[in-house]
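Residue-level structure breakdown
Read off the chains here:
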Amino acid sequence: LAGVAAIPTLYVVARYLFGVRLAWLASGLLAVSHLHIHFSRTAAAGYVIGSWLSTLTLGLLFAGLQRRGVFWWALAGLTLGVNLNVYLDGQLNLALILTLLLLWSFFDRELIRSNRAGLVAFVYMLGASAGPLALWAYWNPQAITERVSAAGLLPSGWYAGLWAAGWSMFRIVGTLAGESFLSII
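First, a word on what this report is: a plain description of the structure on this page. (Residues numbered from 1 in each chain as written. Predicted model: local features only at pLDDT ≥ 70, side-chain atom pairs only at ≥ 80, totals over all residues. Heavy atoms only, no water.)

Turning to the pattern of salt bridges, a few remarks are in order. Opposite charge on two side chains allows them to pair when their charged atoms are near. Summed over all chains, the structure comprises one salt bridge. Among the ionic pairs, Glu-110 bridges to Arg-113, the shortest N-O distance being 3.8 Å. Note that Glu-110 and Arg-113 are positioned in helix α7 (residues 109-114) at a spacing of three residues, about one turn of the helix. Judged by its relative accessible area of 44%, Arg-113 falls in the partly exposed class. (Salt bridge = Lys/Arg side-chain N within 4 Å of Asp/Glu carboxyl O. Helix = DSSP H or I, 4+ residues; strand = E, 2+ residues; numbered from the N terminus. Buried < 20%, exposed > 50% of the residue type's maximum accessible area, 1.4 Å probe, protein only.)

This is the structure we're talking about:
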């Protein structure tokens, strides 16, 4: 269901930010994306939920900024917190949002000042929805790094094996890039 929900969510957010043409293009491309269809169908990974929540979070954030509504900010914090609990792209979203807020604080201080109450609501809801996971990760750091240690390119020995077999760095990176690109077609 999250895969289906991601399509109209992307349309609404893209229309709000960029206009109708780009909204149709973006949602149309997502609707026919092999990767999105595959993961929506199998529900094997948090990718689909993450793509929906990421889009929803950014849309709510921009709505809160423009409308200066605490409600929109609170929902953005809640969806980001849920996203942090579901899939790794929540961490990227958090970094993106913090970077955007930092840039806005330098270039448009009035925008940030006028949204102070919204920022407080955002942080509160983010803490309420992601706080329990953050505490658990603090108390169990090995559980957070287990997956990367077992399946990551460097810790698993995959990279070292190719290097030992005589593969050049260019060939290894090229192969990874090519396989990554082919996975989205």
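Here Ser-27 is to be found in helix α2 (residues 20-32). A polar atom in the side chain of Ser-27 sits 2.8 Å from the backbone oxygen of Ala-23. When sequence neighbours within four positions are dropped, the list of residues in contact with Ser-27 reads Ile-7, Leu-10 and Tyr-11. (Polar contact = N/O pair within 3.5 Å; in protein donor to acceptor, adjacent residues only side chain to side chain. Contact = heavy atoms within 4.5 Å.)

With that settled, consider helix α6 (residues 89-107). Look at α6: 27 Å from first C-alpha to last across 19 residues, which is about the 27 Å you get at 1.5 Å a residue. Regarding α6, the residues found buried are Asp-89, Gly-90, Asn-93, Ile-97, Leu-101 and Trp-104. Seen from one end, α6 has its buried residues packed into an arc of 115°, which puts them on one side. Every exposed residue of α6 that faces more than 90 degrees away from the buried side is listed here: Gln-91, Leu-92 and Phe-106. (Expected span 1.5 Å × (residues − 1). Arc of directions from axis to C-beta.)

Another point: the nonpolar core. Of all hydrophobic cores here, the largest spans 18 residues; its most connected members are Trp-73, Ile-97, Leu-101, Trp-104 and Phe-122. For this core, the secondary structure elements donating two or more residues are α4 (47-67), α5 (70-86), α6, α7 and α8 (116-139). For this core, the leading source of residues is α4, giving five residues. Discounting residues that sit within four places of it in the chain, Trp-73 has contacts with Leu-61, Gly-64, Leu-65, Leu-101, Asn-115, Gly-118, Leu-119 and Phe-122. (Core = buried A, V, L, I, M, F, W, Y, C linked by side-chain atoms within 4.5 Å.)

It is worth spelling out the environment of Ser-105 at this point. By the element assignment, Ser-105 lies in helix α6. Here the side chain of Ser-105 touches Leu-102 through a polar contact of 2.6 Å, landing on its backbone oxygen.

Attention now goes to the packing of aromatic side chains. What the rule picks out here adds up to four aromatic pairs. Across the ring face of Trp-167, the terminal group of Arg-171 is positioned such that the distance to the ring centre comes to 3.8 Å. (Phe/Tyr/Trp six-rings, centres within 6.5 Å; stacked < 30°, edge-to-face > 60°. Lys NZ or Arg CZ within 6 Å of the ring centre and 35° of its normal.)

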